[in-house]
Amino acid sequence: MKVAETVNEVREFLKTHKSTGQTTGLVPTMGALHEGHLSLIRQAKKENDLVVVSIFVNPTQFGPDEDFDLYPRVFDDDLLKCKDAGVDLVFHPAPEEMYTQHKTYIQVEDLSRKLCGVSRPIHFRGVCTIVAKLFNITHPDRAYFGQKDAQQLLIIKKMVKDLNFDVDIVGCPIIREEDGLAKSSRNRYLNDQERKDATVLYRAIEEGKHLIRKDMTATDLTHAMEAVIKTVPSARIDYLEVVDMDTLEAVETIDRDVLVAMAVYLGSARLIDNFIYSVSHE
């Protein structure tokens with residue numbers, strides 16, 4: 001397994017392999033790898049000759065009062081997991097390698113201003129910029145993203161379409177703990193009590209899945225899910241919304257495919273979760 005810290009190292013490594021027609025799968029991460037990331041790597045291994053994992057805590061997707069300095073950095077552990085998973089190349093650049101007098105950013109309008117974009121207004125600009133840079137550096141055939149970050153996945157797909165990137169975006173299912181909590185690097189922030197309380201997100205998801213039906217109002221659905229979350233007094237809802245699956249516009253009557261998405265604070269951790277409902281499944 002090759003570990004590269006510079007753009008030139010990555011390009012030289014991939015040039016040698018791609019000259020023989022090998023395909024490349026990219027898994028962009030910020031490290032602190034868990035089973036969710038590893039599921040993306042396994043999918044990339046199935047579908048490509050080479051797998052590239054980027055490990056980069058991207059400063060441009062954090063606001064001034066967010067957790068950039070506290071974000072978990074466990075690079076040695078990440079390397080072991082990548083090696084065990086059969087990764088071919090790990091790209092671990094310093095911020096200076098990716099942003100030197102940087103003045104160019106990518107913003108996907110509208111989609112980036114909803115859901116997480118309300119409380120994190122610069123977040124998706126940073127995500128799109130770094131993902132576009134990784135695409136230009138690695139030229140992958142496919143790139144892999146988790147459904148837990150459903151808004152991010154939709155935004156990346158839109159960016160790829162609008163800017164004619166020659167890469168297939170592959171969305172992969174949410175990976176959960178045994179008690180249902182979606183796996184996330186930020187779960188490390190939770191103390192023992194908060195970790196127990198965090199299962200309320202999954203209980204709300206399950207309640208929503210049980211209740212949702214065609215022609216139901218979004219208000220009735222979210223009120224029922226909020227009631228579940230409020231059984232944990234320490235849980236603070238950032239948002240809980242039912243939105244159109246393609247536009248992320250809020251809907252009131254569930255008469256189309258929708259994303260039911262939430263962000264909830266427990267202690268210092270802001271956790272997200274979601275599920276998709278298709279009217280055609282009724």
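Residues numbered from 1 in each chain as written. Predicted model: local features only at pLDDT ≥ 70, side-chain atom pairs only at ≥ 80, totals over all residues. Heavy atoms only, no water.

**Student:** Before we go on, may I ask you to explain the side chain of Ser112 in this structure?
**Tutor:** Structurally, Ser112 is set in the loop between helix H4 (95-98) and helix H5 (116-119). Within the local environment of Ser112, its side chain forms a polar contact with the backbone oxygen of Val108, the two atoms lying 2.7 Å apart. With sequence-adjacent residues up to four places away left out, Ser112 is seen in contact with Gln107, Gly117, Phe124, Gln151 and Ile155. (Helix = DSSP H or I, 4+ residues; strand = E, 2+ residues; numbered from the N terminus. Polar contact = N/O pair within 3.5 Å; in protein donor to acceptor, adjacent residues only side chain to side chain. Contact = heavy atoms within 4.5 Å.)

**Student:** What am I meant to see in the environment of Val264 here?
**Tutor:** Assignment of secondary structure puts Val264 in strand S8 (residues 258-266). Of the residues examined, Val264 reaches a relative accessible area of 0% and is grouped as buried. Separated by 92 residues in sequence, Val264 and Cys172 place their C-alpha atoms 22 Å apart. Ignoring sequence-local partners within four residues, the contact set of Val264 consists of Leu201, Ile229, Ala235, Arg236, Ile237, Asp238, Ala269, Arg270 and Leu271. (Buried < 20%, exposed > 50% of the residue type's maximum accessible area, 1.4 Å probe, protein only.)

**Student:** Please explain the sheet that holds strand S6 (residues 168-172) as it appears in this structure.
**Tutor:** Sheet strands line up and pair through hydrogen bonds in the backbone, either parallel or antiparallel. An order of S1-S4-S3-S2-S5-S6 is seen for the six strands of this open sheet, with the pairing classed as parallel. Looking at the sheet topology across the chains shown, the edges are occupied by strand S1 (2-4) and S6. Sheet twist, expressed as the average angle between the axes of neighbouring strands with direction ignored, equals 25 degrees. In terms of strand pairing, S1 meets strand S4 (residues 89-91) through three bridges, oriented parallel. Each residue of the ladder has a partner; that of Lys2, found in S4, is Leu89. Along the sheet face, helix H3 (residues 75-84) touches S1, strand S3 (50-55) and S4 and points at about 170 degrees away from the line of S3. (Pairing = 2+ DSSP bridges. Axes fitted to C-alpha atoms, helices over the stretch in contact; angles between N-to-C directions.)

**Student:** Help me out: how do you make sense of the nonpolar core in this one?
**Tutor:** The nonpolar side chains of a soluble globular protein tend to be buried with one another. The biggest cluster of nonpolar side chains holds 46 residues, and the ones touching the most others in it are Phe135, Ile156, Met159 and Ile169. Looking at this core, the elements with two or more residues in it are helix H1 (7-18), S3, S4, helix H6 (123-138), strand S5 (142-146), helix H7 (150-162), strand S7 (236-244) and S8. Of all hydrophobic cores here, the second largest spans 30 residues; its members include Leu181, Ala218, Leu240 and Tyr277. (Core = buried A, V, L, I, M, F, W, Y, C linked by side-chain atoms within 4.5 Å.)

**Student:** What's the story with the packing of aromatic side chains in this structure? I'm lost.
**Tutor:** To describe a pair of aromatic rings, you give the distance between the ring centres and the angle between the ring planes. Scanning the model with the defined rule gives four aromatic pairs in all. Of the aromatic side chains, those joined through ring pairs into one cluster are Phe62, Phe68 and Tyr71. One residue, Lys133, lies across the ring of Tyr99, its end atom 5.8 Å from the ring centre. (Phe/Tyr/Trp six-rings, centres within 6.5 Å; stacked < 30°, edge-to-face > 60°. Lys NZ or Arg CZ within 6 Å of the ring centre and 35° of its normal.)

**Student:** Where do I start with the packing of H1 against H6 in this structure?
**Tutor:** Angle between the axes and distance between the axes: these two values describe a pair of packed helices. Following both chains from N to C, one finds H1 and H6 inclined at 45 degrees, their axes separated by 9 Å at the closest point. Our classification of the angle between H1 and H6 gives oblique. Contacts between H1 and H6 involve Val7, Val10, Arg11, Leu14 and Lys18 on the former and, on the latter, Asn136, Ile137 and Thr138. Considered class by class, the residues forming the contact of H1 with H6 number four nonpolar, two polar and two charged. (Parallel < 35°, antiparallel > 145°, perpendicular 65-115°, else oblique. Nonpolar A, V, L, I, M, F, W, Y, C, P; charged D, E, K, R; others polar.)

**Student:** Even after reading the chapter, I still don't get the environment of Val200, so can you show me in this structure?
**Tutor:** Position of Val200 relative to the elements: it lies in helix H9 (residues 199-211). The buried category is assigned to Val200, whose relative accessible area is 0%. As for Val200 and Gly180, which are separated by 20 residues in sequence, their C-alpha atoms are 9.2 Å apart. Contacts of Val200, omitting those with residues within four sequence positions, involve Val228, Ile229, Thr231 and Val232.

**Student:** Please explain unusual backbone geometry as it appears in this structure.
**Tutor:** Across residues other than glycine, the phi torsion is negative in most instances, and most of the peptide bonds are trans. The backbone of Ala32 sits at a positive phi, close to 50 degrees, despite the residue not being glycine. Relative to the helices and strands, Ala32 resides in the loop between strand S2 (24-29) and helix H2 (35-47). Assessed through its relative accessible area of 1%, Ala32 is described here as buried. Here the phi dihedral of Asp110 falls at roughly 65 degrees; this positive angle occurs in a residue that is not glycine. Positionally, Asp110 belongs in the loop between H4 and H5. On the accessibility criterion, Asp110 (51% relative accessible area) is exposed.

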